[in-house]
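Observations on the model geometry
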Amino acid sequence: MMKKIIPASLLFSLLFIFSCSDDFTSLAPHSERNVENFYKTPGDIEIAVNGIYDALQGGGTYGTTTEFATGGTGGYWVLTEIRSDNTDQGPDVTGLSLQVAVLNRFEEDALNQIPQGSWIESYQGIARANAVLTRIGDVDFGARQDKDSFIGEALFLRSLFYYNLALLFGNIPMPLTETVSISAQVPAATVFTQLITDLTDAASKLPDVHPSTVGGRATKGAAQTLLARVYLTVGNNSAAETALRAIISSGVFQLVPNYEDLWGPANELNTESIFEVQFKSGLATEGSGYAQAFAADETQVGGFPVNQRNRPTVDMINAYEPGDLRFEASMDTTFLNPTSGARQRYVRKYLSVPAGDQDGDNNWIVFRYADVLLMLAEAIGEGGEAYGLINQLRTRAGLADIEANTAGTFEDKLLQERRVELAFENHRWYDLLRFGKAQEVMQAHSAGATLDTFDDPAFTFTGQLLYAIPQREVDLGLDQN
Amino acid sequence: MRTKVLLVCFVMSLMFIGQAFGQTHRVTGRVIDQDDRSPLPGLNIVVKNTQRGTTTDTDGRYALENVSPQDTLVFTYIGYGREEVPVGGRAVIDMFMESLVIRGEEVTVVGYGTQQRREITGSVARISTAALRDIPVLSFEHALQGQISGVDVQENTGEPGGQPNIRIRGTGSISAGNEPLYVLDGLPMSKNLDLQGSLFRRRAAFKPPATNPLAALNPNDIESIEVLKDASAAAIYGSRGSNGVILITTKKGKFGGKPTIRFDSYTGTQSVANQPDMMHAEELIAYTQDSRNNNYIQDLDPLNPSSPDFNPSYDPTNNDGRPNVGNYRLPDQYVSWEADGRTDTDWLDLIFSSAPITNTTVSVSGGGPNSSYYISGGYLKQDGIIENSQFKRYSFSAHFIGDLNESVTFGANIHASFTESDRVPANAPYFGRPPGIVYSAMVHSPVVKPLDDLGRPNQRAADGAQSFLGGGTTSASNPLAIIDGVDETLDNHRTFGNVYADISLMKDLTFRSMVGIDLDNFQGSFFRGNSLLYRTATTGDPYAQSNAATRTNWVWENTLNYKKSLRDVHNFTALVGYTAQKDVSESNTVIANQFPDDQVQTLTGGVISDGTSTKDEWSLVSLLARVNYNYNYKYLLTATIRSDRSSRFGPGNETGTFPSFSVAWRMMEEDFMRDRFGFLSELKLRASYGETGNFLIPNYGAIGLLSQGLYIDDDQPVVGVFPVTISNEELGWETTKQVDLGIDFALFEDRIYGTFDWYNSKTEDLLLQVGVQSQTGFTTALQNIGKVQNKGFELSLTSRNMVSAFQWSTEFNFSKNDNEVLELGPGTDEFPDGAPIFVSGGAGVRHITQVGAELGSYYGYVVDGIYQTEADIANAPRDDIAPAARPGDFRFKDVNGDGVINTDDRTITGSYHPDFIYGITNRFYFKNFDLSIFFQGVEGREILNLTARHMKNGEANFNSYDILTERWRSAAEPGNGETPRADRATGSHGQNNRPSSYQVEDGSYFRLRNLTIGYKLPRSLTSRVAQDVRIYVTGKNLFTSTDYIGFNPEVSLQSQNMLVQGEDYGAYPLTTTWIVGTNITF
């Protein structure tokens, strides 16, 4: 019997060698989707689009990161608010906070991790959008009607990342398809031209509201708002006006009656909100960290550690007219530290008690209707209609109307109104650039910085309006700007 | 089960005895070699004290007439010695003869077979049963420590069940792992540490060392361990051979052997070894005052009458006149210490206690004429020296072999074990999450009371608690609260083994088919209670995690072995084989927090907040072949080849082929040698070249993967998906090419013998994450690029100094390895062989891997003495990092000589790679006594002592190493010349705490690893109950000579990350152990 078993088993093992080995060693991942078998169905596209949105929450973009997990980046709010005359780093300027402090003082170098983090994470968002835009054409949506909407969302999100990158870094690569090959750098103007094309396309494809959702996804209004902003940035005010009037006439958005009702987890997705980045506590990874990043003391946020960053400057405090209801909704200058007894100031718009460490519920409002009204005033220029738009917001803030005779140029008055209305919402730095005021304002701010009683750090404004392209990218072949 | 086998054996032996009385009769039988069970022809059999006798035929059979039951048969055979067997009444006496082992003919396990030692052409080292038996170890890796040249066993942690790291001939890989391949009875084992899970919230740099997945194997069940060191020996394992191969052979029963019961047991106690000296309260108070005074004097100039800050009421011992900012004021505890009742807590004493250890193995082995068995059961319980840490192992092992007929033998070999680890967070700094116990105890101020007025761990609560204040030092969690508040267990069920059949197809040709399986299940749970306050936190942060993982690994191997001798001088063996192996692992993790209390510590007690589950697979199919040829054991050559195809390799690079070739010349077989150099009993020259691979690359590294995150839509989480890795179709194994030249020698009839090897090994196609422009959406791409070289030499020597009634032997081994990175990634103009890799370990960028240096070298400034006077500072190069250095601060070296000290002056300050390692064992036997003394040492290894950042920094913001009592005080009192002045704000003055050679310390050591004294009870006392009874006392880690300031000069916190080796940022210390034990053979 053995004589038969032996040859049989030998034969069997030889068969095994020649028949199965190819399949046996071709294994595909179980726990991760892979590029070969994904982007095939409308369902794939839907979650791939969600993946682009996910990039908005990053610590380098609109989110804020627990320092302890990633080494600490701050995202766009550091690069736009702390950089501008609105806020500073706060009292802690050691360790990782030092990297923020040097940005505030225009002393950073190309190795600074914060601009680098924003650069990397913005391009990750762009690559996610490019993957969708490159692949969606081949996907058969059958009866589903949302293909255009997905294209529009991807275009809007990609444009939003590019808008930030172009203004922060200037001369940037602009890949528009899914590829690992390298695109050459283009000037910001070229980026804006592309964004106008893309956002026009996105606005035509996106719905006024998404039928299945009460918030969280880009709409036609969001695309038009960003489109108008880009038009203003490139000086095409009439095109901006067209886009802005379309938003207003859509009737989708209205001002919230009380300014303070715009803020806090309870007031999210209100009628004034055009596009906001979503966060939700209690899910371990979906909370936001603004409350802890900005608060003055841990007692304000349920005992979780605070960073005391993004602290309003005295300049900012003084920017408010007496009686402006927006002041107390936006910041607090009277907080007494329970341990030291010292008086502290902090941004209040995002204060909340998180459910866990770095697990706050606050969303980040990217665009809201008040911005649309002010941009329309900017687009149409000085005149009764423009003052009317501005005064809508002043009335809500409990302030008297302004008009052509009020002191100052129209531009100054508009910029001032934008500053206090949209304080700590990542607009100030871009406004200064767009109005051509950055040099002048920052020069004055740096000179006056030491004069107040709150110990703002002194610094020398270098005149640098762009961030250096991160050194790692230069090492890998990009030109420094 | 075991009792049944015993019973059967017992009955069988009674049957033999029952036949013992009768008349003369005919006796027949067969004489067979014990080991390979080949018949022994021409063997002499004589009836004792007569001339009557016979010899066996070619088949080993014999027949003897007229034998009486009272007779005794004497079997003698050259090379096998002499055996006497009383006939009793038996008509059939089969005899199994054990060959007398001549050193050169000792059988050594090599991959997929065995060879006589004299036939081996590669570099193979062996640890025998005898050596394993002498020194009781908890896990087999410890048995290798200091015993085999070229094998560096690093004991990074003293945690019960902790994992030693083994490096064979250096570190060749950056990211693909440097662990050797472990092969247990032919079964290549997995050592996947990911299965143990890890805390989601724990920073990767503070992840504790994994528990040892191979601790599941009871070392008492091991017969021998062979280490395949060079590429020619390891090439038969192809793409898994480049880190060396460790072959473990477990015990078997003996054919025809009487049932033997062995009982091995010991019990003992462990205590902390090599505890560092920390400051006492009084010393810390003086140091704190000094540091704050220096800061005050420097910043505000209160002593200078012309200064606006002149302060005539300044008193260095109290707070008179000092402002309450800038760390000038002295903490109250330090000013009013007298009034405080002089608390002087020794926190280290509080966390360590002596801990019992006990280990017992019982085995039964034996066999019948056609079968053998070995079964054993073991129990180990090791308490940790930190409360709540413990390791338990229950193990079971069985090996059965049976001849089905003359040509077919079956075997089954199963090991099953259950281990239970209770873990404590000891391997982390005080600010880790959870905080490290040892570190928290070290930094905790001695002026703080350990318990509050109600006897609870002193934390931030009422009732006399003050621990959070740190007593004026930086706050740390109370280590006693950490011990109480964290509960972590890791259970592991592991079953591994194989079944096999050896079939003799024809003369000289055998076929073996083996199916092996390795099943692994981990269950981990972690709970951090409300009761533990994290540093200054006012509320607890309860958190629980549950991990489960299961792995199935099977292998099927088919080999054909051919063995032929022509005219007795041309000896051939050949092997061809085909193997397939697959490993599937699945794991899941669930997380909960928001526990209202600490009553229920499973996840059901809180709110589930997160979870994951994953599945991973890899597979490997291989063809292998080996040919050995020797001419009369004089000229020998071996050639092997293995071809591996693995799921891990990219589709463009699917199959790797690994050849090797080696030759040897046994010069002693030459007549001219024998004539002239008679004192040599062996002289063998060896040369080999081989290529091996490292396939420990990520499972799906070649495939572009998508990951997922969540986004919130309509206030609900939705899944989002995005690409995270770039496809690389060409991704493959790392290749190591190694040349080895060796000499085996023996002198004076084997009184002295040894081995010397020189090797040069280059690992190419190193797997690296190469940086890519972020515009692609990725920052790195996994590529095979880079090269590392390890070269060195090894010597092992054994000398049997005295061989008479008093026996004394000395074993010595020495290994030196030089590690050098040759190439790293794509070249640039500045770095033609690739840019350096800077890596953050536990505390910022302190490691560099660069071409021309050792992998993972330390990186920082170089301390070049201490400024003694203002003139010293003025004359030294300007230090841009130190804003206001004063005498007593470090003078840093201007490395590039440009007259300024800045970031460009950072350089390599040492590495974890030792210059050389060595071990010396002396064994003595006299009458019934045995004694072994084993020393082991490492020279030229540096430790990156990150604890120095806090406890040696001069800032007195922590309790500190008492070496700070020898700090610089003035030019007249310069201290030990190595320790700077105390300065609470050195960060704004001398920056003494910048990453520098000050935190790099000599980790060389010389250690008395093991001292064992045994005594074999006289037979006369024990023969009624047992054959052999030995009792012994062993001490481990009895003495360590080292300059290292911390606990353990072998520490390496992130031992799995090659780029950041050698960090000490808090670790579970090693223990000194005393045990008493007994070995009993029944």
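Just above sits the structure.
The notes below deal with the structure included here.

Quick notes on the rules
- Residues numbered from 1 in each chain as written.
- Chains lettered and ligands numbered in written order.
- Predicted model: local features only at pLDDT ≥ 70, side-chain atom pairs only at ≥ 80, totals over all residues.
- Heavy atoms only, no water.
- Helix = DSSP H or I, 4+ residues; strand = E, 2+ residues; numbered from the N terminus.
- Rg over C-alpha atoms; globule rule 2.2 N^0.38 Å.
- Buried < 20%, exposed > 50% of the residue type's maximum accessible area, 1.4 Å probe, protein only.
- Areas by Shrake-Rupley, 256 points an atom, 1.4 Å probe, with all protein chains shown as cover.
- Lys, Arg positive; Asp, Glu negative; His and termini not counted.
- Charge placed at Lys NZ, Arg CZ, Asp CG, Glu CD.
- Expected span 1.5 Å × (residues − 1).
- Contact = heavy atoms within 4.5 Å.
- Patch = residues over 30% accessible without salt bridge, like charges linked within 9 Å, V, L, I, M, F, W, Y side chains within 5 Å.
- Salt bridge = Lys/Arg side-chain N within 4 Å of Asp/Glu carboxyl O.
- Polar contact = N/O pair within 3.5 Å; in protein donor to acceptor, adjacent residues only side chain to side chain.
- Phe/Tyr/Trp six-rings, centres within 6.5 Å; stacked < 30°, edge-to-face > 60°.
- Axes fitted to C-alpha atoms, helices over the stretch in contact; angles between N-to-C directions.
- Left-handed = near helix turned anticlockwise from the far one by under 90°.
- Buried area = accessible area lost by both parts, 1.4 Å probe.
- Nonpolar A, V, L, I, M, F, W, Y, C, P; charged D, E, K, R; others polar.
- Pairing = 2+ DSSP bridges.

Turning next to the overall build of chain A. Secondary structure summary: chain A contains 19 helices and nine strands in total. Over its C-alpha trace chain A gives a radius of gyration of 25 Å, about what one expects of a compact globule, namely 23 Å for 481 residues. C-alpha atoms of chain A, sized along the principal axes, occupy 110 × 50 × 45 Å. The buried share of chain A, reckoned over its 481 residues, is 59%. Total accessible area on chain A is roughly 17900 Å²; 54% of this is exposed by carbon and sulfur atoms. Where the 34 positive side-chain charges of chain A centre and where its 61 negative ones centre are 4 Å apart.

So, about helix H15 (residues 384–396) of chain A. Residues and elements named next belong to chain A. Over its 13 residues, H15 extends 18 Å from the first C-alpha to the last, a length consistent with the 18 Å expected when each residue adds 1.5 Å. Residues of H15 that are buried: Ala386, Tyr387, Leu389, Ile390, Asn391, Leu393, Arg394 and Arg396. If you follow the buried residues of H15, they end up packed against helix H13 (325–330), strand E9 (364–368), helix H14 (369–380) and helix H16 (410–421). After H15 finishes, the residue Gly398 shows a positive phi value of roughly 80°.

Attention now moves to a nonpolar patch on the surface. Residue and element names in this part refer to chain B. Residues Leu685, Tyr689, Val739, Leu741, Ile743, Phe756 and Trp758 make up a contiguous nonpolar surface patch of about 520 Å² in total accessible area. Elements supplying a minimum of two residues to the nonpolar patch: strand E29 (680–694), strand E32 (734–747) and strand E33 (752–764). The leading source of residues in the nonpolar patch is E32, at three residues. Mapped onto the fold, Leu685 is located in strand E29. A relative accessible area of 32% means that Leu685 is categorised as partly exposed.

Further remarks concern the pattern of salt bridges. Residue and element names in this part refer to chain A. The tally for this structure, following the rule as stated, stands at 84 salt bridges over all chains. Between Asp54 and Arg128 there is a salt bridge, with the nearest N and O atoms lying 3.2 Å from each other. Taken together, the positions of Asp54 in helix H2 (residues 42–56) and Arg128 in helix H6 (residues 113–135) put the pair 74 residues apart, joining distant regions of the chain. Since its relative accessible area comes to 14%, Asp54 is described here as buried.

Attention now moves to the side chain of B:Ser265. All names here are of chain B. Its place among the elements puts Ser265 in strand E17 (residues 260–272). Residue Ser265 is classed as buried on the basis of its relative accessible area, which comes to 14%. In this structure the side chain of Ser265 is engaged in a polar contact, spanning 2.9 Å, whose partner is the side chain of Thr360. In contact with Ser265, other than residues within four places in its own chain, are Asn359, Thr360, Tyr1032, Val1076, Gly1077 and Thr1078.

Once that is clear, we can look at the packing of aromatic side chains. In total, this model carries 64 aromatic pairs over all chains according to the counting rule given. Taking the centre distance of 4.8 Å and the plane angle of 85° together, the rings of A:Phe106 and A:Phe461 count as edge-to-face. Of this pair, A:Phe106 sits in the loop between helix H5 (95–104) and H6 while A:Phe461 is found in the loop between helix H18 (438–448) and helix H19 (471–475), placing the two residues 355 residues apart along the sequence. Side by side, A:Phe106 and A:Phe461 carry an identical accessibility label, which is buried. On the basis of an interplanar angle of 75° and a centroid distance of 5.7 Å, the ring pair of B:Tyr439 and B:Tyr1065 is categorised as edge-to-face.

Residues and elements named next belong to chain A. At a minimum axis separation of 11 Å, H15 and H16 run at an interaxial angle of 35°. Our pair here, H15 against H16, has a crossing hand that is left-handed. Together, Ala386, Tyr387, Ile390, Leu393, Arg394 and Arg396 of H15 and Phe410, Lys413, Leu414, Glu417 and Glu421 of H16 make up the contact between the two elements.

Attention shifts here to the interface of chain A and chain B. Between chain A and chain B, the contact holds 70 residues from the first and 63 residues from the second. The contact between chain A and chain B buries some 5800 Å² in all, and 62% of this surface belongs to carbon and sulfur atoms. The interface formed by chain A and chain B includes two salt bridges. In this structure, the salt-bridge partner of A:Lys280 is B:Asp715, at a minimum N-O distance of 3.5 Å. At the surface where chain A touches chain B, the tally comes to 17 residue pairs in polar contact (both at pLDDT 80 or more). Listing elements by their share of the side of chain A that touches chain B, those giving two or more residues are helix H1 (2–24), strand E1 (33–34), H2, H6, strand E5 (273–277) and H19 of chain A. With eleven residues, the single largest contributor to the side of chain A that touches chain B is H1(A). A class-by-class count of the residues in the side of chain A that touches chain B yields 33 nonpolar, 23 polar and 14 charged. Of the strand pairs in this sheet, E1(A) and strand E30 (residues 705–713) of chain B are connected by two bridges, and their pairing is antiparallel. Each bridged residue has a counterpart across the sheet, and for A:Arg33 the counterpart in E30(B) is B:Leu706.

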